[in-house]
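Residue strings, one per chain:
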Amino acid sequence: METNTQRVEEFKQEVASMHLSAPVDASERTWLLVGIGLAVAGIVFIVFGWYGASGEAEVAKQVPYIISGAVVGLGFVMAGCALFLRYSLGRYLRFWLVRDLYEQRAQTDRIIEALHATGRGREEF
Amino acid sequence: MSSHEGVDHDVPLLELRGVRAAYGRIEVLHGVDLAVPEGAVVALLGPNGAGKTTTLNVCAGLMEPTQGSVYLAGRRINGAAPDQLARLGVCTIPEGRGVFPNLTVRENLSMMTFSGRSLPEVEAVAYERFPRLAERRSQLAGTMSGGEQQMLAMARGLATDPALLLLDELSMGLAPLIVEELYAIVAQIAATGVSILVVEQFARTVLGVADYAAIMASGRIVQVGTPADLEAELSSAYLGG
Ligand SMILES: Nc1ncnc2c1ncn2[C@@H]1O[C@H](COP(=O)(O)OP(=O)(O)OP(=O)(O)O)[C@@H](O)[C@H]1O
Ligand SMILES: [Mg+2]
């Protein structure tokens, strides 16, 4: 193989034009926090809605409280929980996958070792 | 690429400046400065736990520095994802080789077709450089000798057409003759213009192919120089030759 300066130039150019985004890990944590925040805000809305509605004798005046409190609040809680589940489970499942891979490798190593023990293994250098 | 003619060749291909990195709250790199000039082989030496692997992980984008900067060809790339860097041509061959032991040589190589090359092309490159792998293409990687597994790991790396190669403890657990053979190949790869950062605990063979060497201890670079500069130090110091 001859010296490949073209490859190096290409590399430099690609590095220069590379798009740097926030690391997945950081954006994931942000979304997780947004989810928790939304859910908490939703609960606050519901409590205020309930508090407001309970202070009004007329049904017509209770409606705005129900809308902004119960409906918006419930929406927030649901969206927040969805975000929380998505970003906490994603993380968990990834750990699980890595663990599974790791254990599979360890298992293979044990099988190979057992093969060696029966004298059917490789010859060493 | 003619627009790059007259480019400043003083800019290292890879450079770390004041890099600090931590696992959780425990900081293990306390301000590392290191440069790999374009086309050079740099050896990073140091005892167990010095932070060599951590340094490579930072270069590969597997860890983000808590402070300091990583530059590739002059561009600050803190926070770049490891797969992004791998696609550009930053290739890591990890400690313990990272081949799939329960796949055959051929299947291991076929994993590298993500880079856009077809399997026959990848195989052709691999077997040209490592004829021994050709004989063993149907053998399970885990049943090969350590040296052959290291060859497979290198072949996989080369299949991605790297511009920067990060090698972690090539010699681990291998007989001196095999280590020499592997380093002869590293020298060949370097001769094609690939820049290489290679980590080792024991210095002797790697200093033969390195252009520069750095000694690391407890998360800091304690000395940098040419192999000749460092050889005298090393034979008397903690590395024990
Ligand atoms: N995943 C981890 N979590 C916590 N601490 C770690 C982790 N990996 C490494 N360390 C610690 O960081 C320090 C540097 O480790 P590193 O693996 O970089 O050393 P090294 O120079 O590569 O050593 P070796 O020659 O044994 O491979 C060590 O003290 C180690 O215990
Ligand atoms: Mg290490």
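Criteria and cut-off values
Residues numbered from 1 in each chain as written. Chains lettered and ligands numbered in written order. Predicted model: local features only at pLDDT ≥ 70, side-chain atom pairs only at ≥ 80, totals over all residues. Heavy atoms only, no water. Near = heavy atom within 4 Å. Polar contact = N/O pair within 3.5 Å; in protein donor to acceptor, adjacent residues only side chain to side chain. Areas by Shrake-Rupley, 256 points an atom, 1.4 Å probe, with all protein chains shown as cover. Helix = DSSP H or I, 4+ residues; strand = E, 2+ residues; numbered from the N terminus. Donors = N, O, S within 2.8 Å, 3.2 Å for Na, K, Ca; no water. Core = buried A, V, L, I, M, F, W, Y, C linked by side-chain atoms within 4.5 Å. Buried < 20%, exposed > 50% of the residue type's maximum accessible area, 1.4 Å probe, protein only. Contact = heavy atoms within 4.5 Å. Buried area = accessible area lost by both parts, 1.4 Å probe. Salt bridge = Lys/Arg side-chain N within 4 Å of Asp/Glu carboxyl O. Expected span 1.5 Å × (residues − 1). Bend = angle between axes of the 7 residues up to and from the residue.

Caption draft 1: Highlighting the site of ligand 1. All names here are of chain B. By nearness alone, 13 residues border ligand 1, and Asn 48, Lys 52, Thr 53, Thr 54 and Glu 95 come closest of all. One of the backbone nitrogen or oxygen atoms of Gly 49 is found 2.8 Å away from an oxygen atom of ligand 1. Thr 54 places a side-chain nitrogen or oxygen 2.5 Å from an oxygen atom of ligand 1. In isolation ligand 1 exposes 630 Å². Once the protein is present, 60% of that is buried. Of all the elements, helix H1 (residues 52-60) adds the most residues to the shell around ligand 1, at 3 residues.

Caption draft 2: How the structure looks around the coordination of the magnesium ion (ligand 2). Protein-derived ligands of the magnesium ion (ligand 2) are Thr 53 of chain B (OG1) and Glu 95 of chain B (OE), with the metal-ligand distances lying across 1.8 to 2.8 Å. Of this pair, Thr 53 of chain B sits in helix H1 while Glu 95 of chain B sits in the loop between strand S6 (90-93) and helix H3 (105-110), placing them 42 residues apart in sequence.

Caption draft 3: Structural context of the nonpolar core. All names here are of chain B. The biggest cluster of nonpolar side chains holds 46 residues, and the ones touching the most others in it are Leu 133, Met 154 and Ile 196. Ranked by residues supplied to this core, first place goes to helix H7 (residues 176-191) with 8 residues. Beyond its immediate stretch of four places on either side in the chain, Leu 133 contacts Val 105, Tyr 127, Met 144, Glu 148, Met 151, Leu 152 and Ala 155.

Caption draft 4: The interface of chain A and chain B, seen in detail. At the interface, 30 residues of chain A touch 43 residues of chain B. Carbon and sulfur atoms make up 59% of the area that chain A and chain B hide from each other, which totals about 3100 Å². Connecting chain A to chain B are 2 salt bridges. For Lys 12 of chain A, the salt bridge goes to Glu 38 of chain B, with nearest N and O atoms at 2.7 Å. The tally of links from chain A across to chain B stands at 8 residue pairs in polar contact (both at pLDDT 80 or more). Among the elements of the structure, helix H1 (5-16) and helix H3 (59-117) of chain A are those that each provide at least two residues to the side of chain A that touches chain B.

Caption draft 5: Looking closely at helix H6 (residues 146-158) of chain B. Between its terminal C-alpha atoms H6 of chain B stretches 18 Å, which fits the 18 Å expected from 13 residues at 1.5 Å a residue. Among the 13 residues in H6 of chain B, 13 count as buried, and that is most of the element.

Caption draft 6: Fine view of H3 of chain A. All names here are of chain A. The terminal C-alpha atoms of H3, which comprises 59 residues, lie 82 Å apart, in line with the 87 Å expected from a rise of 1.5 Å per residue. Along its length, H3 shows its largest kink, about 40 degrees, at Ile 66. Here H3 has its buried residues at Gly 69, Gly 73, Val 77, Gly 80, Leu 83, Tyr 87, Gly 90, Thr 108 and Ile 112. One or two steps after H3, the chain reaches Gly 119, where phi turns positive at roughly 80 degrees.

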